[in-house]
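# Residue-level structure breakdown
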Amino acid sequence: MSLTTQIKEFALDLGYSKVGIIPADSFPEYIAELTTRQDMYSFYINSPGRPLVAAEPRSLMKNAKSIITTVYDYSQKSFPKELTGKIGRIYQARSYYAPPNTINGARTRLMREYLRRLGCEVADKISLPERLVAAKAGIVNFGRNNFAYAEGIGSFIFLSSFVVDKELEYDSPTVEIGCPAGCSACMKACPTKAIYEPNKLNPRRCIAFNTFLTQERMVGSYIEPEIREKMGTKVHGCDICQEVCPRNQARLKAKLPDDPFLVNVANDFSLSQMLRMTDEFYATRVEPLMYNYIHEKKYFQRNAAIALGNLGDPAFIPDLAKAMDEPEELVRGYSAWALGKIGGRSAKQVLEKKIEYETSESVIKEIREVLLAIM
Ligand code: SF4
Ligand code: SF4
């Protein structure tokens, strides 16, 4: 059996749905695209993965010869309705760059170990343009919503690749749009019009990106009021442009088995608990799913406040009133916004009381603006 076949069969045995291989050449088209849109993507270009450097894999691994790319289908089990619309499916599935001590993280580790046992040198993680890599290897094509689609699955997939120093047998590309002619359902459904042209996304308008805004990622934590209103109940990620897609309907409508862990999480997950999060809730209900981008409770609390405000239900006023005593001014400020969104006499009374002893200038400003709008 050839080295290529051994690698592909091992990957399939590990649970990957598709495997492809391409030479470890540069991606000039990706570099050109990212460079022309650096105003929108500066946060990503300057991130530790240095994607413009990584798009020339041999600049990071001189003897790189091949890229092995994989599709993992993360929608093989169902997603509880209590979580869907709040947490993106890829995060619920715990598959997106999963920690090594989890089952999905172990898959990556086992793949690397196997490649090394076969005598390959394997690069440490290189932030490759995974969708383009997979399309060049013929295992996905593109949707106009920018997601990659795998035949027989759809776009609920996680792509990951391994750069090695061995020449292997290479696959043929499918770098093309696989959408039905005339379809633009994703663009029409996007609440913020973040997809401004087919295959062109402005991340700064994308709800998913906004839910991940933190100081840690050096993008700041301020979410524009216009975007807050469009976030609905989403606290981590957004799946709307994938949910409306005809190419995903077979999977979305399929009767899939439950994921027992997610069922447990869903049973005691609520936006109110996320807003007034205890350490235990964070450790058991938030961190196991949403470990990728946010590592401080206050940003989840911010997102929960926005979500409760968008629900517009006066029943949440007591939770938001208590959140206005939280030590983090970020949480107090967004809770004030949420109270304003719910509106009415009770919300106004809470804000009038809180402003009397609020010490943060930014929260006082937020409360004042809200009170003016309520009147
Ligand atoms: S993830 Fe949501 S906000 Fe972002 S482009 Fe898709 S529908 Fe629009
Ligand atoms: S909604 Fe239509 S245009 Fe958008 S990705 Fe799906 S098939 Fe393509």
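Residues numbered from 1 in each chain as written. Chains lettered and ligands numbered in written order. Predicted model: local features only at pLDDT ≥ 70, side-chain atom pairs only at ≥ 80, totals over all residues. Heavy atoms only, no water.

Attention shifts here to the domain arrangement of the protein. Domain parsing of the protein yields domain 1 (3–77 + 90–164) and domain 2 (270–375). Each of domain 1 and domain 2 has a C-alpha centre, and these two points are 38 Å apart. Taken together, the contacts link eight residues of domain 1 with five residues of domain 2. Of the roughly 550 Å² buried between domain 1 and domain 2 on both sides combined, carbon and sulfur atoms contribute 56%. When the area that domain 1 buries against domain 2 is broken down by residue, the three leading residues are Tyr91, Arg94 and Tyr96, summing to 75%. (Domains from an automatic or database assignment. Contact = heavy atoms within 4.5 Å. Buried area = accessible area lost by both parts, 1.4 Å probe.)

This paragraph deals with the side chain of Arg251. For Arg251, the location among the structural elements is in helix H12 (residues 249–253). Excluding residues within four positions of it along the chain, Arg251 makes contact with Asp73, Ser75, Gln76, Gly152, Ile153 and Leu256. (Helix = DSSP H or I, 4+ residues; strand = E, 2+ residues; numbered from the N terminus.)

Bringing the site of ligand 1 into the picture now. Taken together, Cys190, Pro191, Thr192, Ala194, Ile195, Leu201, Cys206, Ile207, Cys238, Ile240 and Cys241 are the residues near ligand 1. Partitioned by chemical class, the residues of the shell around ligand 1 number ten nonpolar, one polar and no charged. (Near = heavy atom within 4 Å. Nonpolar A, V, L, I, M, F, W, Y, C, P; charged D, E, K, R; others polar.)

So, about the site of ligand 2. Residues in close proximity to ligand 2 include Gly143, Arg144, Asn145, Tyr149, Cys179, Pro180, Cys183, Ala185, Cys186, Cys245, Pro246 and Arg247, which together make up its full environment. Of the residues that constitute the shell around ligand 2, the class distribution is eight nonpolar, two polar and two charged.

The next thing to look at is helix H13 (residues 260–267). Count 3.6 residues to each turn of an α-helix, and residues three or four apart come out pointing the same way. Taken together, the buried positions of H13 are Leu262, Val265 and Ala266. Axial view of H13: buried residues confined to an arc of 100°, hence all on one face. Facing away from the buried surface of H13 by more than 90 degrees, the exposed residues are Pro260 and Asn267. Against the buried residues of H13 lie helix H5 (89–92) and helix H15 (279–286). Looking at where H13 begins, the residue whose side-chain oxygen comes 3.1 Å from the main-chain nitrogen of Phe261 is Asp259. (Buried < 20%, exposed > 50% of the residue type's maximum accessible area, 1.4 Å probe, protein only. Arc of directions from axis to C-beta. Polar contact = N/O pair within 3.5 Å; in protein donor to acceptor, adjacent residues only side chain to side chain.)

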